[in-house]
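# Observations on the model geometry
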Amino acid sequence: MEEHAGKACIICGHEKQEGIRIIDGFICESCEIEMVGTDVQDAKYPFFIHQLKRIWIQNNA
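Overview of the structure. Each residue is numbered by its place in its chain's sequence as written, counting from 1. Side-chain atom pairs in this predicted model are given and counted only at pLDDT of 80 or more, local residue features only at pLDDT of at least 70, and totals for whole chains, interfaces and linings cover all residues. Excluding hydrogens and water, the side-chain figures rest on all heavy atoms present in the structure.

### Thoughts on the nonpolar core
Only buried residues count toward a nonpolar core. Its members are Ala, Val, Leu, Ile, Met, Phe, Trp, Tyr and Cys residues joined through side-chain atoms within 4.5 Å. Working definition: with a 1.4 Å probe on protein chains only, accessible area under 20% of the residue-type maximum means buried, over 50% means exposed, and in between means partly exposed. Counting residues in each nonpolar core, the largest one holds 10 residues, listed as Cys-9, Ile-10, Ile-11, Phe-26, Ile-27, Cys-28, Cys-31, Met-35, Phe-48 and Ile-55. In this text, helices come from DSSP runs of H or I with a minimum length of four residues, and strands from runs of E with a minimum of two, each type numbered from the N-terminal end. Per element, the largest residue contribution to this core is 3 residues, and it comes from strand S3 (residues 25-28). Contacts are residue-level and defined by heavy atoms, with any inter-residue pair within 4.5 Å sufficient. If we ignore the near neighbours within four places in the chain, the residues touching Cys-31 are Cys-9, Ile-11 and Cys-12.

### Some words on a nonpolar patch on the surface
What makes a patch is a set of residues exposed beyond 30% relative accessible area and free of salt bridges, joined within 9 Å when like-charged and within 5 Å when nonpolar (Val, Leu, Ile, Met, Phe, Trp, Tyr). Note on areas: Shrake-Rupley, 1.4 Å probe, and residue coverage restricted to the protein chains presented here. The term salt bridge refers to a side-chain nitrogen of Lys or Arg lying within 4 Å of a carboxyl oxygen of Asp or Glu. On the surface, Ile-22, Ile-23, Trp-56 and Ile-57 cluster together into a nonpolar patch covering about 430 Å² of accessible area. Along the chain, the position of Ile-23 falls in the loop between strand S2 (15-22) and S3. The class for Ile-23 is partly exposed, based on a relative accessible area of 45%.

### A word on the pattern of salt bridges
The tally for this structure, following the rule as stated, stands at 1 salt bridge. The closest approach of N and O atoms between Lys-44 and Glu-34, which form a salt bridge, is 2.8 Å. Of this pair, Lys-44 sits in the loop between helix H1 (29-36) and helix H2 (45-59) while Glu-34 sits in helix H1, and the two are 10 residues apart along the sequence. For Lys-44, a relative accessible area of 35% puts it in the partly exposed group. Its relative accessible area of 34% is what places Glu-34 among the partly exposed residues.

Take a look at the structure:
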């Protein structure tokens, strides 16, 4: 995991230090763990997909 100085997670919106950077987006470690463990049939799965699409939209705006 990389350490980032108080970046806002694109999933939960909280400022965290540890997580991953994808293009210009940041995903905190706890959200990353939750996303990886989420089944495609889970009700939260579409939310995660929507939030990840924001990275693509922000980068291509």
